[in-house]
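For reference, the chains in residue letters:
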Amino acid sequence: MSTLHPDSELMDLLDRIAAQDDAALKRLYERTSSQLFGLALRIVRNRDAAEDVLQEAFLTIWRSAGSYRASLSPPMAWMGLIVRSRALDALRKRTTDRADLMNELDDAMAQTLEGDAPNPMDAADASEQAFALHHCLGKLDHKQREVVSLAYLRDQSHGELAEQLKLPLGTVKTWIRRGLEQLRACMARYA
Amino acid sequence: MNITQHPDLLDRLAASYALGTLRGGARRRFEALAREHATVRAAALVWQTRWSGLTELQPQVAPSPAVWTRIDNLVRAGQLEQAMLAARQAAPAQAPGGWWRNLLVWRGAAAAGAIATLAAVVVGVQVNGGLRATTGAQIAALQQQLQATPQIQYVAVLADDKAAASMLVTFDPKNNQLVLQRVGGFQEGADKSLQLWALPPAGGPRSLGVLGQDKLLKLVAGEADVRQVPALAISLEPKGGVPSETGPTGPVLFKGELIQRML
């Protein structure tokens, strides 16, 4: 932890946004849009849709920053949940609207499992709570980390994940079960 | 089997539940248990918070510069709309004497004026479509989305000194209500009352109200009463409770952290 915690800067910005200071909104956007856009893109997998999600999320932040302090959450976690919620709405809408597009997207998804980067996650701005999760996820192997992350981020069942990742259902279940067991043991040390 | 007696199983189910992979009948059974047992609910909240960290850990990608332009335009359009609303709403108040002084009539007129103004603004924005055809529709869509914004809710599980959950407290911001559910077997004597206290980070405990004898209790409270309050406690007081300024005079029976749930 550095002496000037990034959280305090973001919280100050949210306070100013709550007072309808649009310069603060611009600054917050500059500080966090890449992080939040990365999240939106991970969930909806399509640049245009992810940009719509980011736009909606920032307008939500603009309107509801006043309730941030009451959330008792780290600022990035609060904004992350807003983005995830908007992204899931978009995902559901798109899935019903254009089912034919999904095959194409599934291929792109399957590729995400091919690499074996040690831990591609970015914890630069992460809260302490996310840092613990980051540390524990880092101990899983790549495939387990991916399916567990995708299950949460996209709110998908074992069956949906198996279909999209082109994997047998049993494999997905096993990866998630083992990933969860390791994570639980690791997270228990941070409790 | 009582799940609350099996902490490892409870933790595993709570982790799967919050991850979203616990589905179908198993999910419904877990939800039913959570409604029944405060410890189950607390375990689910812990994992919901942990998993939410995943949203902070994704690789960064720069969005196109057009996104900020769109956000900035919509924010400015919103500010303008509010300024116009405020200006027009002020107008009916200047109407002179006679029956205009009647408060009810005045209020009705103000409301009608506000509605007319809103309609005028929306029409105005749409008529102005030569410049920005989609703004009106975008504002409407936006307002709809904001309506659907998750309700912020507070939850506390108050436990006794043996860590047995005894009271589940939730805050419903829509109705400005604290809802308390007794989950343990504790029942105070007929000459005593339980009193709920907010324990703010600075200053003494603040009374949130005195509890009746029912299993499900409701107290009126504003969001300001629970905002930034890290913990709640319940003390045993003489019948009817004590004034907030004196603070608790009897023993503190239950206390617990106040958690905000966001989904």
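Residues numbered from 1 in each chain as written. Chains lettered and ligands numbered in written order. Predicted model: local features only at pLDDT ≥ 70, side-chain atom pairs only at ≥ 80, totals over all residues.

Asker: What am I meant to see in the overall build of chain B here?
Answerer: When helices and strands are tallied, chain B shows seven helices and eight strands. Going through the 263 residues of chain B one by one, you find that 28% of them count as buried. Taking the contacts inside chain B whose residues are at least 6 apart along the sequence as the reference set, 59% of them involve residues at least 24 apart. (Helix = DSSP H or I, 4+ residues; strand = E, 2+ residues; numbered from the N terminus. Buried ≥ 20, exposed ≤ 12 C-beta atoms within 10 Å, placed from the backbone. Contact = placed C-beta atoms within 7 Å.)

Asker: Even after reading the chapter, I still don't get the overall build of chain A, so can you show me in this structure?
Answerer: For chain A, the count of helices and strands is nine helices and zero strands. If you list the helices and strands of chain A from N to C, you get α-α-α-α-α-α-α-α-α. For chain A, with 191 residues in total, the buried portion stands at 40%. Put simply, of all contacts in chain A between residues at least 6 apart along the chain, 66% involve residues at least 24 apart.

Asker: Any chance you could explain the sheet that holds strand β2 (residues 165-172) of chain B here in plain terms?
Answerer: Hydrogen bonding along the main chain pairs the strands of a sheet, whether they run parallel or antiparallel. Residues and elements named next belong to chain B. The sheet built from eight strands is open, its strands ordered β5-β4-β7-β8-β1-β2-β3-β6 with antiparallel pairing. Edge positions in the sheet fall to β5 (206-211) and β6 (216-220), since each has one partner strand and no second. With strand direction ignored, the average angle separating the axes of adjacent strands in the sheet is 25°. With five bridges connecting them, strand β3 (residues 177-182) and β6 associate as antiparallel partners. (Pairing = 2+ DSSP bridges. Axes fitted to C-alpha atoms, helices over the stretch in contact; angles between N-to-C directions.)

Asker: Looking at this structure, how should I read the confidence of the model for chain B?
Answerer: Where the model shows low pLDDT, its predicted coordinates should not be examined in detail. Residue and element names in this part refer to chain B. Summary statistics for chain B give a mean pLDDT of 78 and a share of 77% for residues scoring 70 or more. Ranking the elements of chain B by mean pLDDT puts helix α5 (residues 103-127) last with 56 and helix α1 (residues 7-19) first with 95. Below a pLDDT of 50 lies the segment residues 125-131, which in the model reaches four contacts outside its immediate sequence neighbourhood of four places, other chains included. Predicted as a complex, the structure gets a pTM of 0.59 and an ipTM equal to 0.86. (pLDDT = per-residue confidence, 0-100.)

Asker: Is there a simple way to think about the interface of chain A and chain B in this case?
Answerer: Buried accessible area, meaning the area lost when the parts come together, often serves as the stated size of an interface. Across the boundary between the two partners, chain A contributes 56 residues, which contact 42 residues of chain B. When residues of the side of chain A that touches chain B are traced back to their parent elements, those giving at least two are α2 (22-44), α3 (47-64), α4 (75-97), α6 (128-137), α7 (142-153) and α9 (169-188) of chain A. Per-element tally for the side of chain A that touches chain B: the top contributor is α2 of chain A, with eleven residues. For the side of chain A that touches chain B, the per-class residue count stands at 28 nonpolar, 18 polar and ten charged. (Nonpolar A, V, L, I, M, F, W, Y, C, P; charged D, E, K, R; others polar.)

Asker: Sorry if this is basic, but what is going on with the nonpolar core here?
Answerer: Here is a general trend for soluble globular proteins: nonpolar side chains tend to be buried in one another's company. Formed by 102 residues in total, the largest nonpolar core has its most connected members in Ala-40, Leu-54 and Val-83 of chain A together with Ala-14 and Leu-158 of chain B. Tallying contributions element by element places α2 of chain A first for this core, with ten residues. When residues no more than four places from it in sequence are discounted, the contact partners of Val-83 of chain A are Leu-36, Leu-39, Ala-40, Val-53 and Ala-57 of chain A together with Thr-55 of chain B. (Core = buried A, V, L, I, M, F, W, Y, C linked by C-beta atoms within 7 Å.)

Asker: What is the right way to read the environment of Leu-153 of chain A from this model?
Answerer: Within the secondary structure layout, Leu-153 of chain A lies in helix α7. Separated by 65 residues in the primary sequence, Leu-153 of chain A and Leu-88 of chain A have C-alpha atoms spaced 8.4 Å apart. Those residues in contact with Leu-153 of chain A that lie beyond four places of it in its chain are Arg-42, Ile-43 and Arg-84 of chain A together with Leu-54 of chain B.

Asker: Help me out: how do you make sense of the environment of Gly-38 of chain A in this one?
Answerer: Its place among the elements puts Gly-38 of chain A in helix α2. The spacing of Gly-38 of chain A and Leu-54 of chain A is 16 residues in sequence and 9.7 Å in space, taken between C-alpha atoms. Residues contacting Gly-38 of chain A, with those up to four places away along its chain left out, are Gln-58, Pro-59, Gln-60 and Val-61 of chain B.

Asker: Would you take a moment to explain unusual backbone geometry for this structure?
Answerer: Trans is the common state for peptide bonds, and a negative phi is the common state for residues other than glycine. Residues and elements named next belong to chain A. One non-glycine residue with positive phi stands out, namely Leu-72, at about 55°. Mapped onto the fold, Leu-72 is located in the loop between α3 and α4. The phi dihedral of Asp-155 is positive, around 55°, even though this residue is not glycine. Summarising the element assignment, Asp-155 is placed in the loop between α7 and α8 (158-165).

Asker: Where do I start with the pairing of β3 of chain B in this structure?
Answerer: Each regular strand shows side chains that alternate between the opposite faces of the sheet. All names here are of chain B. Pairing between β2 and β3: six bridges, direction antiparallel. When the bridges of β3 are listed, Phe-171 appears paired with Leu-178. As consecutive antiparallel partners, β2 and β3 are separated by four residues, and within that stretch Asn-176 has a phi angle of approximately 50°, a positive value.

Asker: Where do I start with the environment of Arg-63 of chain A in this structure?
Answerer: Residue and element names in this part refer to chain A. Positionally, Arg-63 belongs in helix α3. You can call Arg-63 partly exposed: it has 19 C-beta atoms within 10 Å. In this structure the C-alpha to C-alpha distance between Arg-63 and Ile-17, which are 46 residues apart in sequence, comes to 8.4 Å.

Asker: It is not clear to me how the packing of α8 of chain A against α9 of chain A should be interpreted in this structure. Could you clarify?
Answerer: Two packed helices can be described by the angle between their axes and the distance between those axes. Residues and elements named next belong to chain A. Direction vectors running N to C along α8 and α9 enclose 115°, while the axes themselves pass 9 Å from each other. α9 is crossed by α8, and the crossing has right-handed handedness. Contacts from His-158, Gly-159, Leu-161, Ala-162 and Leu-165 of α8 reach α9 at Leu-169, Val-172, Lys-173 and Ile-176. Of the residues assigned to the contact of α8 with α9, the class counts are six nonpolar, two polar and one charged. (Left-handed = near helix turned anticlockwise from the far one by under 90°.)

Asker: I tried to follow α8 of chain A on my own but got confused; where do I start?
Answerer: Side chains three or four residues apart in an α-helix point the same way, a direct result of the helix having 3.6 residues per turn. Residues and elements named next belong to chain A. Regarding α8, the residues found buried are Leu-161, Gln-164 and Leu-165. Along the axis of α8, the buried positions cluster into a sector of 90°, meaning they face one direction only. Where α8 ends, the next residue or the one after it, Lys-166, has phi of about 55°, a positive value. (Arc of directions from axis to C-beta.)

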